[in-house]
Amino acid sequence: MDVRSCGLPACPSLLVPCGPYCLSSGFLLPVITCLWCDPNRFTLSHPVLSVAIPTSPFSISLLLSVAERAFSLWSVQPSPEASHPAGHDKPRARKYKCGLPQPCPEQHLAFRVVSGAANVIGPKICLEDKMLMSSVKDNVGRGLNIALVNGVNGELLEARSFDMWAGDVNDLLKFIRPLHEGTLVFVASYDDPATKMNEETRKIFSELGSSNAKELAFRDSWVFVGAKGVQDKSPFEQHVKNSKSTNKYEGWPEALELEGCIPQRTVGAQ
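We now turn to the structure provided with this report. Model, not experiment: these values are computed from the prediction. (Residues numbered from 1 in each chain as written. Predicted model: local features only at pLDDT ≥ 70, side-chain atom pairs only at ≥ 80, totals over all residues. Heavy atoms only, no water.)

**Comments concerning unusual backbone geometry**
Thinking step 1. A positive phi angle, close to 65 degrees, is found at Gln 107, a residue other than glycine.
Thinking step 2. Here Gln 107 is to be found in the loop between α1 (60-73) and β6 (108-114).
Thinking step 3. For Gln 107, a relative accessible area of 54% corresponds to the exposed category.
Thinking step 4. Backbone geometry at Arg 219 places phi at a positive 60 degrees, although glycine is not the residue there.
Thinking step 5. As for its position among the elements, Arg 219 is in the loop between α3 (199-207) and β12 (221-227). (Helix = DSSP H or I, 4+ residues; strand = E, 2+ residues; numbered from the N terminus. Buried < 20%, exposed > 50% of the residue type's maximum accessible area, 1.4 Å probe, protein only.)

What follows is the structure, encoded as structure tokens:
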């Protein structure tokens, strides 16, 4: 990542320049993202996203690396047709539902799940080009972020976050115990997904198709898509352990991204 002066003339009112700085990466060029700060917050400005981050023990380098990764993962565009901008010979890469590089087959649901980045930027869950959970929708939080979806028609049933550091695990159990056969379960971690997990919670996620729920630990990164009544383990799961030797951020592993196509359940299979 290249950090260099933006060369902007002055700071906005009530803001003090931290340079200012620019973020640029292969994902963002030629877009320029500037970092400004005041004594109480860092503000990352982007054409499609603005994030105010409370001041914390994070170093600026950590904030920049988290932001770079998050912006690269969050660049989901609505499914435009490929176009040829003036002065450019190469067409822009076409994006399909939820930013997938390929369209899903008929009777399949396109999805994209992104875990949180450290405890700075929240997760996202997209289904059929509809954002089910995100910081912009203000329905994500520390712990496990879970969206329940009708496996037949793809309609959102309910979406909630559960604090797995200081919350009550019984709230989570009440949410996932009574699932109906065929319900799709989308999960994205943020900060700490596992401290409050007990054996019953791990068992239920395993029955939903998870291969990693039994070993999930403090500050691991985890994204998962399962379903009630599955016979085999889900192919849609990623897990990275919190380890000082491999962590991308100071105290957290890298953010994870999961995308694909899920077969719709037929009505007769219910």
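Right, picking up where we left off after that structure.
**With respect to the packing of aromatic side chains**
Aromatic ring pairs are described here by two measures, namely the spacing of the ring centres and the angle between the planes.
Thinking step 1. All chains considered together, the criterion is met by six aromatic pairs.
Thinking step 2. A centroid spacing of 5.9 Å and a plane angle of 65 degrees characterise the contact between Phe 111 and Phe 186, whose relative ring orientation is edge-to-face. Residue Phe 111 is located in strand β6, and its partner Phe 186 is located in strand β11 (residues 184-190); the two are separated by 75 residues in the primary sequence. Of the two residues, Phe 111 and Phe 186, both sit in the buried class. (Phe/Tyr/Trp six-rings, centres within 6.5 Å; stacked < 30°, edge-to-face > 60°.)

**Digging into the nonpolar core**
Thinking step 1. Leu 144, Ile 146, Leu 172, Val 187, Phe 205 and Trp 222 are the most contacted members of the largest nonpolar core, which totals 22 residues.
Thinking step 2. Within the residue set of this core, elements represented by two or more residues are β9 (143-149), α2 (169-176), β11, α3 and β12.
Thinking step 3. In contact with Val 187, not counting residues within four places along its chain, are Val 113, Leu 144, Asn 145, Ile 146, Phe 205, Trp 222, Val 223 and Phe 224.
Thinking step 4. Val 113, Leu 132, Val 149 and Ala 227 belong to the second largest nonpolar core, which has 19 residues in total. (Core = buried A, V, L, I, M, F, W, Y, C linked by side-chain atoms within 4.5 Å. Contact = heavy atoms within 4.5 Å.)

**Quick notes on the pattern of salt bridges**
Pairs may arise between side chains of opposite charge once their charged atoms sit close together.
Thinking step 1. Enumeration over the complete set of coordinates arrives at eight salt bridges.
Thinking step 2. Its salt-bridge partner being Asp 163, residue Arg 142 comes within 2.8 Å of it at the nearest N-O pair. Highlighted residues: Arg 142 in the loop between β8 (130-133) and β9 and Asp 163 in the loop between β10 (156-162) and α2, separated in sequence by 21 residues.
Thinking step 3. Of the residues examined, Arg 142 reaches a relative accessible area of 34% and is grouped as partly exposed.
Thinking step 4. Its salt-bridge partner being Lys 241, residue Asp 220 comes within 3.5 Å of it at the nearest N-O pair. Here the residue Asp 220 occupies a position in the loop between α3 and β12, and Lys 241 occupies one in the loop between β13 (237-240) and β14 (257-263), the gap between them amounting to 21 residues.
Thinking step 5. Since its relative accessible area comes to 2%, Asp 220 is described here as buried.
Thinking step 6. Classification of Lys 241 as partly exposed rests on a relative accessible area of 40%.
Thinking step 7. One continuous salt-bridge network, built from bridges that share partners, spans Arg 112, Glu 257 and Glu 259. (Salt bridge = Lys/Arg side-chain N within 4 Å of Asp/Glu carboxyl O.)

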